[in-house]
Structure formats: C-alpha cells, structure tokens
Amino acid sequence: MLRLRIYILIQFYLVAAYAQNQQGLQVSNYSGTTGLGYNPSSFQASPLKWDFTILSGGVFVETDYIFIKNTSINELFNTDKAFVNFNEEGTNRSSDIIYYQFRDAKVRMNNSISAFAGSPAFATRINKHFSVGFYAKMRQAFSANHLDHQLSEPSIAAWMVNETRDIQPTRLTAMLWSEYALNLAYGYSKGDKVFSYGINAKFLVGNQAFFINSPSTLDLTKLSDDMEVPPAELQYGFTYFDEGFNLNNNGQGLGIDFGFTIQDKDYFAETGTWKVAAAIADLGFVNFKNNSEQHRISTDQVTTIPNNTFEQANSLQEFSRELSNALTGDPNTTYQGPRFTIFTPAALNVSVDYHLSKYLFANLNISRRFVLHPQQLQKENIAVTSIRYETRFIEVGLPITLYNDRNLRAGAWIRLGPLVVGSDNLAPWFIKQDQLSGADVYFALRINNWNSSLKNMFKNDQVENCYW
C-alpha cells in the first residue's frame, strides 16, 4: 500500500510539474513582471512604463528514470490507449497500447520536475529613477540529481541474492510552496551607458515537502528474504502529504533575489548595441513545523531489515516507525521532532543581449545552480542561445538549449499582443519520440502601456527610451 502511495506521489509530480528558464517570459524587452523572478532589475531596464500580468503558468519535466516509447505529448493528450510496462522479453507488440519503460541507467541519473502558477502581478515606475512591483506565485519543484545508476528500476530488479552494492551518496528534495515578492529597482544613466539594479524581498509559505539526504556510501547486501544494512547515517523529513494532500500552511520562510543590468543608452533604438545582465536568484528557505516530521538514522553496527517489515505500513509515519524499530529496536529512536528546513533552488543567471537589426535581437542566457545545503532544491543547469523578432505587438523567438551540460533541444515562443505562449523543448509536443522523457510549456497574459490600446500595439516603430 505504501509503495502504491509513493508511486501516486511520483505521478503527481510528473503530471503537475517551474523551470526558471522559460525564455519567452524572460529575455524579451517586453517581459515586464514575468522577468522579475529571473532578474529583479529587468523591468527597470525595459522600455515599459507599467506592466500588469493577469495570469501566468508553466510546467517543466525531465527525468532519466523512466520514459514513454514512441509517442508525443499531443498523442498522450488525445488517446484512450492503455499504458503498459514494456517487456523486453515479450514478442507481441500492439499499436493499441502505449508502452512505458524504466531506463536501464549506466551513469548517474538526473531528475528535475517543476511548475508554477502566477496570480496577478504588477510593476510600475514611480519616478525617473525608481520602480516598484509585486508578484505572487505558487511553485512546485522536485530534484533528484546525480542519483546512483544502481537505483534504476532494472538494476534493482536484477539485484542478486548475497550481492553487495555500494550505493553512492543520495539527495532527493521536493517542495510545494507559495511566494509573495516585493520588487524595488533603481536606474540611472552615466555617459553612454544605463545602469539598473533590482531586488526582490520574498515571504514564503510552505505547503508540502519531503527530503532524503544520505551523505555517505551505503554497502547494502541483499539476502534471500532480508536486506543487510551496514552502519549508516541518513536524514529525511516529510509533511503528511500521503495522508491527505492539501495546501495547508505548514511552514514559513524568507527569500531574496538581486540583480543588475548594464546596457547601451541607445540599445532600444540603435543596432549594434548591447545589454548585459546578471542576478542571484532564489536565495531562501522554508521552515516546516506543522504536520511534519524529521528523522535521523545513525547506527554503528550491521543490522538486518526483514523483507516483510513494511507490509502493514500505510503511511510515511508508519513506515518511519517500522524502519526505526528494525534498525534500533525502538520505533521512536529516529524521530527528531516536527521541524525541518527546505532551501530554495539558488542559481546564478547571466544574460547577454545584442541588437542585430531594427527588430532583430540575439541572446545568450546561462543559468548555473549552486548548492548551499544538502536539503536544497537543485535547479537545472541551462545554457541557451536564441534569436527573436520583436515589436510592440508581435514577437517570435527561437531558442536552442543545452540542458545539464549534455542534452540539446530546440524551442519556440510567440507573443501576440498580451498573450505569450512557448516551449523550450518543442519537438516532444508534436513529433513522436523514441524515448519521451521530458517536455515543457509556459504562457502569460499581460497588459502594459504599449499593448493596453490598439493604437499603441500596432505601432511597430522602435520605442524611445525616455526614462533616462
């Protein structure tokens, strides 16, 4: 029963999965409030006087653990075919079935799943030098990077009796939370350059979370009916999401982003000009203290866990009591109390934008995670080069993304007036993939001083930078 509940939880994250790198919401000169989370100086550095986001959202999934064979996202949304686990030994294959398969990994596995839903947000200039803004988002993120390939499903299934495996250190973190951000930015011109600085101060509300941190290698031996566990050190914590998922306020925290932008004074009007930006995003934490537990396993001798230890466990609380009892002889020894902390997915974001021709811009965007704590969500590493055609009313962008330093994918976005829709990984939506293991999509509905009237929207002349 517990295994089923955990499987359902994983499926929830796969289906309801925020990536910080939706290019169409961030690199545009008209990104407005949707770019504040990536770089809090972005609105101050834009040609906009004010911007209001009515609604926004996005989902990102990429996993090395499982894939779906020979299909596309579009087909998945429009099929009534059954989902069946692909059996390599079988000989009969049916076109009436969609097969999924667990990857037989040979190298460490990366798994990153995230999503966001943005409620109304605004930003406005209050004078020549200052701007303010506010946004609220509900975010969900799951990260399990550099997992030992021996934890793949085929590898576990092939684990022989009396075989010992060295499981490398493991970190797994997930959180569902809301953030409320106040943005303040300052800009000024000096010579032929314009300088903009911004900061987001955020209040965070934690809803659900769990983490596992195994800091050392575990030499596990599979016996005929049991598992032999060496002296071990492991921490984990969870909220009671498996007993009734909800959006209760189970913890609070704080966060901060800060960034700057330097651009040529004639960047918007003249070709051959530059804009360079950098930011530290998502420095923050959430302290969970309601409907939650933290556990610490610390043993100094070899123990054996019987195969049937968890047969009667129907919740993570019961699972934890049984595990503690098996390892220490006391169901409460590992319990450390109701409090634990999850840290948000900190990253360094750098963007370089070049004005190629009247309506054409090129961009290089790099985002690198940095880990400050083992209970921290880990953002994906991204390097993106893109080109975009941009006017007040219409924008079309084509990004090429290097994901986690090894996977290339192509995307596209379009902005028509107030609506932006895009994907940084477009092919899986419409083209059948031999191994479908990820996709993303995002959108935003926004109005601002350029698109709030038809007269302004259909003016394609370059804007004049009148704020500096």
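Use the structure listed above.
Rules behind the numbers
Residues numbered from 1 in each chain as written. Predicted model: local features only at pLDDT ≥ 70, side-chain atom pairs only at ≥ 80, totals over all residues. Heavy atoms only, no water. Phe/Tyr/Trp six-rings, centres within 6.5 Å; stacked < 30°, edge-to-face > 60°. Buried < 20%, exposed > 50% of the residue type's maximum accessible area, 1.4 Å probe, protein only. Helix = DSSP H or I, 4+ residues; strand = E, 2+ residues; numbered from the N terminus. Lys NZ or Arg CZ within 6 Å of the ring centre and 35° of its normal. Expected span 1.5 Å × (residues − 1). Arc of directions from axis to C-beta. Pairing = 2+ DSSP bridges. Axes fitted to C-alpha atoms, helices over the stretch in contact; angles between N-to-C directions.

## A closer look at the packing of aromatic side chains
According to the stated counting rule, one finds 19 aromatic pairs in the structure shown. Between the aromatic rings of Tyr188 and Phe195, the centroid separation amounts to 5.3 Å while the plane-to-plane angle is 20°, which identifies the pairing as stacked. By relative accessible area, which is 25% here, Tyr188 ends up partly exposed. What makes Phe195 buried here is its relative accessible area of 15%. Arranged with centres 5.6 Å apart and planes meeting at 55°, the rings of Phe211 and Phe340 form a pair that is tilted. Taken together, the residues Phe211 in strand S10 (residues 193-214) and Phe340 in strand S19 (residues 340-343) connect sequence positions 129 residues apart. Judged by relative accessible area, Phe340 falls into the buried class, the value being 4%. Here the aromatic cluster, defined as three or more aromatic residues joined through ring pairs, consists of Phe130, Tyr186, Tyr188, Phe195 and Tyr197. Positioned over the ring face of Phe43 is Arg125, at 5.4 Å from the centre of the ring. Over the face of the ring belonging to Phe116 we find Lys137, whose NZ or CZ atom lies 4.9 Å from the ring centre.

## Some thoughts on helix H4 (residues 316-328)
The first and last C-alpha atoms of H4 sit 18 Å apart over 13 residues, in line with the 18 Å expected at 1.5 Å per residue. All buried positions along H4 are accounted for by Leu316, Ser320, Leu323, Ser324 and Leu327. Along the axis of H4, the buried positions cluster into a sector of 100°, meaning they face one direction only. Immediately beyond the C-terminal end of H4, within one or two residues, lies Gly329, with a positive phi of roughly 85°.

## Some details on the sheet that holds strand S27 (residues 433-436)
Judged by pairing direction, the sheet is mixed, and its four strands sit side by side in the order S3-S4-S2-S27 without closing on themselves. For this open sheet the edge positions go to strand S3 (82-85) and S27, each flanked by a neighbour on one side alone. Direction aside, neighbouring strands of the sheet carry axes that sit 30° apart on average. In this structure, strand S2 (residues 66-71) lies alongside strand S4 (residues 97-102), joined through three bridges in antiparallel fashion. The residue of S4 that forms the bridge with Ile68 is Tyr100.

## Details of the pairing of strand S28 (residues 438-448)
Bridge count for strand S1 (residues 50-63) against S28 is eleven bridges, and the pairing is antiparallel. Its bridge partner lying in S28, Thr53 is registered against Arg446. Relative to S28, strand S26 (residues 419-423) is paired through four bridges, and the arrangement is antiparallel. Along S28, the bridge assignment pairs Val421 with Phe443.

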